[in-house]
Amino acid sequence: MSGEDLDNITKELRFHGGKWATAHGSYFSDPAKAWPLVDSALRAASLARPDVIADIGGGTGFLLGELRARLDGATPRLVNVDVSPQQLAVCQRRGIDPLLCSLLDLRREAVAAEGQRLMLLSRSVMHYFGREGQDRFLAALRAVLREGELLVQQAACFATPGEARCMNLLYPMMGVDKFYMTPEELVAAHERNGLEVLSVRRAPPLDLRSSDLAERYALDEATVERLCQILLDHGMDRSGFAVGDRRFRGPFTYRIVTARAV
């Protein structure tokens, strides 16, 4: 990762480790919320029969644990690739192979031996690469894969250009350079980086609350008030958000992309 990418993660280290399981209403440790992604990964694994499944930015290893519990037959080697030692410490206790490494430094031989088939999994990582880093993220994923191998990733994604534009204003105000696309932009980004999109499906939304964001990013009341105004200015109160003067709550939405390296 670049310095900016790592800075986005450094600002959230207090949420890593065991605390990550309870963040945002336990979204990232809820089997029901994870099921569409796990199901997509199971379908891809059934098609591709990988020897290794590597979760890029896999955090505590929750997704790989859910996947392992449902895989039929011989279980592939499961590798969790993450830049957070706190997250990987939890991952090791799940019996999953940890690899402390950023995606941009990852080499295929670190996760798959010669002749082995590889599949990649990722959840809610792409936006950490910021406005300028989306293609770099996807190109790095493609560089690890061989032709015909599969990627399954859940990316934050907003239905309309207006909604995406609003979110791309909010997060820099919180001090993090995250970036979000529409579904059409997400597909186009994969395809221009050598990944043929096979399917796109919705994932359950995260219940985004101003109180959680204030804790996660150490926001003061004045900043939260400005965020509320941005949401209102972009009509997000008509897109499922409840917005007051000093608080808001609404759906933070995702798409699950299954793609093949070409």
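Treat the numbers as computed from the prediction; the structure is a model and nothing was measured.

Visitor: I'd like to hear about the overall build of the protein, residue by residue, with values.
Guide: Summing up its helical and strand segments, the protein has 10 helices and 8 strands in all. Taken over the C-alpha trace, the protein has a radius of gyration of 18 Å; the compact-globule value for 262 residues is 18 Å, and the two agree within 12%. Summarising its shape, the C-alpha atoms of the protein cover approximately 55 × 35 × 35 Å along the three principal directions. Split into buried and exposed, the 262 residues of the protein put 54% on the buried side. For the protein, contacts bridging at least 24 residues in sequence account for 75% of all contacts bridging at least 6. Counting every atom, the protein has about 11,300 Å² of accessible surface; 49% of that belongs to carbon and sulfur. Taking the average location of the 33 positive side-chain charges in the protein and that of its 34 negative ones, the two points are 4 Å from each other.

Visitor: Now, about the packing of helix H3 (residues 31–48) against helix H4 (residues 62–70): what can you tell me, with residues and values included?
Guide: A pair of packed helices is captured by two measures, namely the crossing angle of their axes and the spacing between those axes. At a closest axis distance of 10 Å, the pairing of H3 and H4 adopts a crossing angle of 60°. Crossing of H3 over H4 shows right-handed handedness. Only Phe62, Leu63, Glu66, Leu67 and Arg70 of H4 make contact with H3, whose side of the interface consists of Pro31, Ala34, Trp35, Leu37, Val38, Ala41 and Leu42. Of the residues assigned to the contact of H3 with H4, the class counts are 10 nonpolar, no polar and 2 charged.

Visitor: Now, about the pairing of strand S1 (residues 52–56): what can you tell me, with residues and values included?
Guide: Where burial is concerned, most of S1 is hidden: 5 out of the 5 residues are buried. On S1, burial covers both faces: Val52, Ala54 and Ile56 on one face and Ile53 and Asp55 on the other are all buried. Note that S1 and strand S2 (residues 77–82) share 5 bridges and pair parallel. When the sheet's bridge partners are listed, Val52 is paired in S2 with Arg77. In this view, the connection linking S1 to its parallel neighbour S2 by way of H4 has right-handed handedness. Pairing analysis gives 5 bridges linking S1 to strand S4 (residues 118–123), with the strands arranged parallel.

Visitor: Lay out the pattern of salt bridges in plain terms, naming residues and giving numbers.
Guide: Enumeration according to the criterion identifies 13 salt bridges in this entry. With a closest N to O distance of 2.9 Å, Arg43 and Asp39 form a salt bridge. Remark: Asp39 and Arg43 occur in helix H3; sequence separation between them is 4 residues, near one turn of the helix. Linking Arg77 and Asp97 is a salt bridge whose minimum nitrogen-to-oxygen distance equals 2.8 Å. Placement of Arg77 in strand S2 and of Asp97 in strand S3 (residues 97–100) is noted, with a sequence separation of 20 residues between them. With relative accessibility at 37%, the residue Arg77 sits in the partly exposed group. With relative accessibility at 31%, the residue Asp97 sits in the partly exposed group.

Visitor: Can you break down the layout of surface pockets residue by residue, with the values?
Guide: Its boundaries defined by the atoms lining it, the largest pocket holds a volume of some 240 Å³. What lines the largest pocket is Leu42, Ala45, Ser46, Arg49, Pro50, Arg70, Leu71, Asp72, Ala74, Pro76 and Arg117. When residues in the lining of the largest pocket are grouped by element, the largest group, 3 residues, is from H3. Looking at the lining of the largest pocket residue by residue, the class counts come to 6 nonpolar, 1 polar and 4 charged.

Reading guide: rules and limits
Residues numbered from 1 in each chain as written. Predicted model: local features only at pLDDT ≥ 70, side-chain atom pairs only at ≥ 80, totals over all residues. Heavy atoms only, no water. Helix = DSSP H or I, 4+ residues; strand = E, 2+ residues; numbered from the N terminus. Rg over C-alpha atoms; globule rule 2.2 N^0.38 Å. Buried < 20%, exposed > 50% of the residue type's maximum accessible area, 1.4 Å probe, protein only. Contact = heavy atoms within 4.5 Å. Areas by Shrake-Rupley, 256 points an atom, 1.4 Å probe, with all protein chains shown as cover. Lys, Arg positive; Asp, Glu negative; His and termini not counted. Charge placed at Lys NZ, Arg CZ, Asp CG, Glu CD. Axes fitted to C-alpha atoms, helices over the stretch in contact; angles between N-to-C directions. Left-handed = near helix turned anticlockwise from the far one by under 90°. Nonpolar A, V, L, I, M, F, W, Y, C, P; charged D, E, K, R; others polar. Pairing = 2+ DSSP bridges. Right-handed = clockwise from strand over helix to strand, strands pointing away. Salt bridge = Lys/Arg side-chain N within 4 Å of Asp/Glu carboxyl O. 1 Å grid on protein atoms, 1.4 Å probe; cavity = no way out; pocket = protein on both sides within 12 Å on 5 of 7 lines; lining within 4 Å. Points joined across faces, edges and corners; volume = space filled by probe spheres on them.

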